[in-house]
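Structure at a glance
Take a look at the letters that make up each chain.
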Amino acid sequence: MFRSALYRIAETRHFWRIASFSEIAELYASRTIRTIAMNIVSGFTSVYLYEAGYNLQFIMILWLLFYILKLPFTVFSARFVAKFGPKHGILVSNLLYVPSMIALSFMSAWGLAGIILWGIFMALSASIYHICYMVDFSKVKNVEHAGKEIAFMNILEKIAIGISPIIGGLIALWFGLHTVILVAAVLFAISALPLFRLIEPTHTNQKLELRGFPWSQTAMSIFAQIGVGFDVVTTGIVWSLFIVIVVFPGVGWDVYVRLGILSSVTILAAITASYTYGKLIDKSRGGVLLKISVVANALVHAFRPFAIDPIAVVGINISNEVATMGYNMAFMRGVFDTADLSGHRIVYLCIGDFVSNIGAALACAILLVCTMLLGDVEGIRTFFFFAAGFVLIIGSARFSIYRK
C-alpha cells in the first residue's frame, strides 16, 4: 500500500525514472520506517545518558570517540558499497542498528559495556547507511528534476520526524525509555524487509582508486563538509542537552515528551520550505540559496545561548529548520552533481563523509574544552558562538552546477 501510494505521487510529479520506481519505492519505504525508528529514540540518547547520571563531559567524550571511530568505518563502508552495492549496504546497516538499540536498552544492567557496544554498532551502521544512501540516490536521481526529488525525500522524512519524537516521548513517559529503545529496534528490523528484493543501481565488485581523482574540482566542497559535521553535532546533540540543562532543569523523565513536542512543531515549516527550495534549486538558484541559508543558520546558532523558555526554543527550532534545510538541499544537489562529474562517485562521497566526521569530532572536542573551562551552562552557550562561525565554512563550497 505504501509503495503504491508513493508510486502514484511520483508518477504525477515525475520525481524518479518510472521504469525503476518499484525498486526505488522499496528503498524509500525502508528509509521512512528507518527515519521513524531513529527519531523515536535518537534525539533522546544524550538526554538518556544525562538523566541516568552521566555528566556532560563524559557524554561529549563518548560522542568524540564515536565520530573518531566512524573514520575507519567510513573507509570500510566505501569498500563495502563498491563490492556489494548500496542497497545491500542499507540492508546490512538497518540490521546492525538492532543490536545497537538492544545494547542501549540494557545500559543500566551492563553499564559501560552496554554503552561501548551501542557506540560500536551504531557507528558502523550509520557509516554504512550514509555512504550507501548517498551513492544510491545520486545514481537514481533524474538530473532535470533533482531539486524536486530531494524535496520529496525531505517531505517524507519531515513527516516521519514530526510524528516520531512525540510517539517516542509518550512511550518513554508511560512505559520508560527502555521500551522506546526496544520499539526502535523492532522498527529497524522491519525497515529491512522492503530491501530483501534487491536490484542494485550500481556495478558491484568495483575497485576504488585515488588515481585520477579530480581534487581541483572537488576540494572546496569536501572542505565545506567540516561545517556540515559541526552543524550536525550542534543541532542534534548539543541543542537537546542545552534544552534539558537550561530550559527544563530538574524536570525528570517526562522531559522526553517536551523534547518531542518542541522538535515536532517544525513539521509544517519544514514541508513548506522543502517544496519551495526544491523549485529554486531546479531553477538554478541553488547557489544563492546555499549562501543565504548558511548565513541564516549561523545567526540561529548565535541566538541559541539566549533561549530560556519553551517559546524561544520553538522559534529557534523553526528558524533552524528553515535555514538548515535550505543549505542542506542546495549542498546535496551540488554534491550529487559533483559525484556524477567526478568519475569517482563512491570515493568522492566517502571522502566527503570522512571530512564531515572530522568536523563532528571537532565540535565535540570544542564543547568538551568549553565546559571544562567554563562549566556546563556557560560552556554550551560559548560553544554556540563557535558553531556560528564554523557553519559559515559550508558556504565556501564551489559547485560547478551553480556556476552555469
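What this report covers is the structure whose coordinates are included nearby.

The rules behind each value
The numbering scheme is per chain: residues are counted from 1 as the chain's sequence reads. A pLDDT threshold of at least 70 governs which residues receive local features in this predicted model, and a stricter bar of 80 or more applies before side-chain atom pairs are shown or counted, although totals over entire chains, interfaces and linings include all residues. No hydrogens and no water enter the side-chain calculation; it runs on all heavy atoms of the structure. Secondary structure elements follow DSSP: runs of H or I no shorter than four residues count as helices, runs of E no shorter than two count as strands, and numbering proceeds from the N terminus. Only protein chains enter the calculation, and the probe is 1.4 Å; a residue is then buried if its accessible area is under 20% of its type maximum, exposed if over 50%, and partly exposed in between. Any two residues whose heavy atoms approach within 4.5 Å are treated as being in contact. Using a 1.4 Å probe, accessible areas were evaluated by the Shrake-Rupley method; residue-level cover was limited to the displayed protein chains. Where helices are involved, their axes are fitted lines through C-alpha atoms of the stretch in contact, as for all axes, and angles between N-to-C directions lie from 0 to 180°. Orientation categories follow fixed angle ranges, with anything under 35 degrees roughly parallel, anything over 145 roughly antiparallel, 65 to 115 roughly perpendicular, and all other angles oblique. Should the near helix be turned anticlockwise from the far one by less than a right angle, the crossing is left-handed, and should it be turned clockwise, the crossing is right-handed. By the convention adopted, Pro, Cys, Tyr, Trp, Phe, Met, Ile, Leu, Val and Ala count as nonpolar, Lys, Arg, Asp and Glu as charged, and the other residues, Gly among them, as polar. For this analysis, a nonpolar core means a set of buried residues of the types Ala, Val, Leu, Ile, Met, Phe, Trp, Tyr and Cys, connected via side-chain atoms within 4.5 Å. For Phe, Tyr and Trp, rings pair up if their centres lie within 6.5 Å, where Trp contributes its six-membered ring, and each pair is then called stacked (planes under 30 degrees apart), edge-to-face (over 60) or tilted (otherwise). Salt bridges are counted wherever a side-chain nitrogen of Lys or Arg sits within 4 Å of a carboxyl oxygen of Asp or Glu. Patch criteria: residues need more than 30% relative accessible area and no salt bridge. Like-charged residues are merged within 9 Å; nonpolar side chains of Val, Leu, Ile, Met, Phe, Trp and Tyr are merged within 5 Å.

Topic: the overall build of the protein chain
Looking only at helices and strands, the protein chain has 17 helices and zero strands in total. Each of the 404 residues in the protein chain was classed as buried or not, and the buried ones make up 58%. Sequence-distant contacts in the protein chain: of pairs separated by 6 or more residues, those separated by 24 or more amount to 85%. With an accessible surface of roughly 16,400 Å², the protein chain has 69% of that area assigned to carbon and sulfur atoms.

Considering the packing of helix α10 (residues 215-223) against helix α16 (residues 345-374)
Helix-helix packing: each pair is described by the crossing angle between the helix axes and the interaxial distance. It is the contact of α10 with α16, at a shortest axis distance of 9 Å, that shows an interaxial angle of 30°. Taken as axis vectors, α10 and α16 run roughly parallel relative to one another. Seen from above, α10 lies across α16 with right-handed handedness. For the pair formed by α10 and α16, the contact residues are W215, T218, S221, I222 and F223 on the first element and Y348, I351 and V355 on the second. Residue composition of the contact of α10 with α16, by class: six nonpolar, two polar and no charged.

Topic: the nonpolar core
Note that soluble globular proteins tend to have their nonpolar side chains buried in a common cluster. The biggest cluster of nonpolar side chains holds 103 residues, and the ones touching the most others in it are M60, W63, Y67, W118, F331, F383 and F399. Here this core gets 15 residues from one element, more than from any other, and that element is α16. What W118 contacts, discounting residues up to four positions off in sequence, is T45, L62, W63, S100, M101, A103 and L104.

Some details on the packing of aromatic side chains
Under the counting rule described, the total for this entry stands at 17 aromatic pairs. A centroid spacing of 4.3 Å and a plane angle of 5° characterise the contact between F230 and F390, whose relative ring orientation is stacked. With F230 in helix α11 (residues 225-247) and F390 in helix α17 (residues 376-390), this pair connects stretches of sequence that are 160 residues apart. An aromatic cluster of at least three residues, connected via ring pairs, comprises F230, W239, F242, F383, F384 and F390.

Quick notes on the packing of helix α15 (residues 310-342) against α16
Two elements in contact, α15 and α16, have axes whose closest approach is 8 Å; the angle formed by their N-to-C orientations is 140°. Between α15 and α16, the angle is such that the two are oblique. In this structure, α15 meets α16 at a crossing whose hand is right-handed. Residues V335, T338, A339, D340 and S342 of α15 form the contact with α16, whose participating residues are R345, Y348 and L349. Residue composition of the contact of α15 with α16, by class: four nonpolar, two polar and two charged.

Observations concerning the environment of P310
Assignment of secondary structure puts P310 in helix α15. Classification of P310 by relative accessible area gives partly exposed; the value is 35%.

Considering the pattern of salt bridges
One pass over the full model with this rule turns up two salt bridges. With a closest N to O distance of 3.2 Å, E378 and R381 form a salt bridge. Of the two residues, E378 and R381 are both situated in helix α17; the distance of three residues between them amounts to about one turn of the helix.

Digging into a nonpolar patch on the surface
Taken together, the side chains of V295, L299, F303, F306, F385 and L392 make up a nonpolar region of the molecular surface, amounting to roughly 640 Å² of accessible area. Here the element with the most residues in the nonpolar patch is helix α14 (residues 286-303); it accounts for three residues. The topology assignment puts F303 in helix α14.

What about the environment of V247?
As for its placement among the helices and strands, V247 is situated in helix α11. Separated by 61 residues in the primary sequence, V247 and I308 place their C-alpha atoms 5.4 Å from one another. Those residues in contact with V247, other than ones at most four positions away along the chain, are F242, A307, I308, D309, P310 and V313.

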